[in-house]
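So you can see what is in the structure, the chains are spelled out below.
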Amino acid sequence: QVQLVESGGGLVQSGGSLRLSCAASGAVFTINAMGWYRQVQGKQRELVATITNGGTTNYADSVKGRFTISRDNAKLYLQMNSLKPEDTSVYYCNAVTYSGRGFWGKGTLVTVSS
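Just so you know, these numbers come straight off a predicted model, no measurement behind them.

Colleague: What's the story with the overall build of the protein in this structure? I'm lost.
Modeller: A count of helical and extended segments in the protein gives zero helices and eleven strands. Reading the helices (α) and strands (β) of the protein from amino to carboxyl end gives β-β-β-β-β-β-β-β-β-β-β. Over its C-alpha trace the protein gives a radius of gyration of 13 Å, about what one expects of a compact globule, namely 13 Å for 114 residues. Taking the principal axes of the C-alpha coordinates as reference, the protein spans close to 40 × 25 × 20 Å. Expressed as a percentage of the 114 residues in the protein, the buried residues total 40%. A sequence separation of at least 24 residues applies to 55% of the contacts in the protein between residues at least 6 apart.

Listed below in structure tokens is the structure:
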């Protein structure tokens, strides 16, 4: 019902910036909130940032002041500044509907070199 496709990942130097995008399609009108999560091998997937339809945002402590999440209709963005090597991960786009159903994109790899 909802399809999510991430883009914008790549290789960036420590201290640099990168902007991730997520294009939502399908039953976009059913989405209540969206967010970005990241996962590295051997670790659990962790929340990076979320945003509700009302514009309320939430950030992981590790990215506060550096990352900014935003939405433009069916487009979700994550502006990442002052990147650190520990930000290296596969970043996933997430959407939750009003009925509580969750959807995931396939992920986009972000690599931050030192």
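Colleague: I tried to follow the state of the cysteines on my own but got confused; where do I start?
Modeller: Here a disulfide denotes one covalent bond, and it connects the sulfur atoms of two cysteines. If you walk through the whole model with that rule in mind, you get one disulfide. Disulfide pairing is shown between C22 and C93; the S-S distance is 2.1 Å. Disulfide C22-C93: torsion about the S-S bond near -80°, hence left-handed. On the criterion of sequence distance, the pair formed by C22 in strand β3 (residues 18-26) and C93 in strand β9 (residues 89-97) is long-range, its members being 71 residues apart. With relative accessibility at 0%, the residue C93 sits in the buried group.

Colleague: Which parts of the structure should I look at to understand the packing of aromatic side chains?
Modeller: Each aromatic ring pair is characterised by the separation of its centres together with the angle its planes make. For the coordinates displayed, the defined rule picks out one aromatic pair. Arranged with centres 5.1 Å apart and planes meeting at 70°, the rings of Y37 and W104 form a pair that is edge-to-face. Placement of the pair is Y37 in strand β4 (residues 31-39) and W104 in strand β10 (residues 102-104), with a sequence separation of 67 residues. Above the plane of the ring of Y92 lies R45, whose end atom (NZ or CZ) is 3.7 Å from the centre. We note R45 situated over the ring of W104; from NZ or CZ to the ring centre the distance is 4.6 Å.

Colleague: Would you take a moment to explain the sheet that holds β3 for this structure?
Modeller: In any sheet, the strands associate via hydrogen bonds between backbone groups, in a parallel or an antiparallel arrangement. Spatially, β1-β3-β8-β7 is the arrangement adopted by the four strands of the open sheet, whose pairing is antiparallel. Where the open sheet ends on each side, the last strands, each with one partner, are β1 (2-7) and β7 (67-72). Neighbour-to-neighbour, the strand axes of this sheet turn through a mean angle of 15°, independent of strand direction. Of the pairings in the sheet, the one linking β7 to strand β8 (residues 75-80) comprises six bridges and is antiparallel in character.

Colleague: Can you walk me through the environment of L11 in this structure?
Modeller: The topology assignment puts L11 in strand β2 (residues 10-13). Apart from the residues within four sequence positions on either side, L11 is in contact with T111 and S113.

Colleague: What am I meant to see in the nonpolar core here?
Modeller: In this structure, L4, M34, W36, L78, M80 and Y91 are the most contacted members of the largest nonpolar core, which totals 30 residues. Of all the elements, β3 adds the most residues to this core, at four residues.

Colleague: Could you clarify how one ought to interpret the environment of C93 in this entry?
Modeller: Taking C-alpha positions, C93 is 23 Å from G15, a pair spaced 78 residues apart along the chain. When near neighbours in sequence (up to four residues on either side) are disregarded, C93 contacts L4, E6, C22, M34, G35, W36, L76, F103, W104 and G105.

Calculation criteria
- Residues numbered from 1 in each chain as written.
- Predicted model: local features only at pLDDT ≥ 70, side-chain atom pairs only at ≥ 80, totals over all residues.
- Heavy atoms only, no water.
- Helix = DSSP H or I, 4+ residues; strand = E, 2+ residues; numbered from the N terminus.
- Rg over C-alpha atoms; globule rule 2.2 N^0.38 Å.
- Buried < 20%, exposed > 50% of the residue type's maximum accessible area, 1.4 Å probe, protein only.
- Contact = heavy atoms within 4.5 Å.
- Disulfide = S-S within 2.5 Å.
- Phe/Tyr/Trp six-rings, centres within 6.5 Å; stacked < 30°, edge-to-face > 60°.
- Lys NZ or Arg CZ within 6 Å of the ring centre and 35° of its normal.
- Pairing = 2+ DSSP bridges.
- Axes fitted to C-alpha atoms, helices over the stretch in contact; angles between N-to-C directions.
- Core = buried A, V, L, I, M, F, W, Y, C linked by side-chain atoms within 4.5 Å.

Everything listed here is a matter of coordinates, which is why it stays silent on function.
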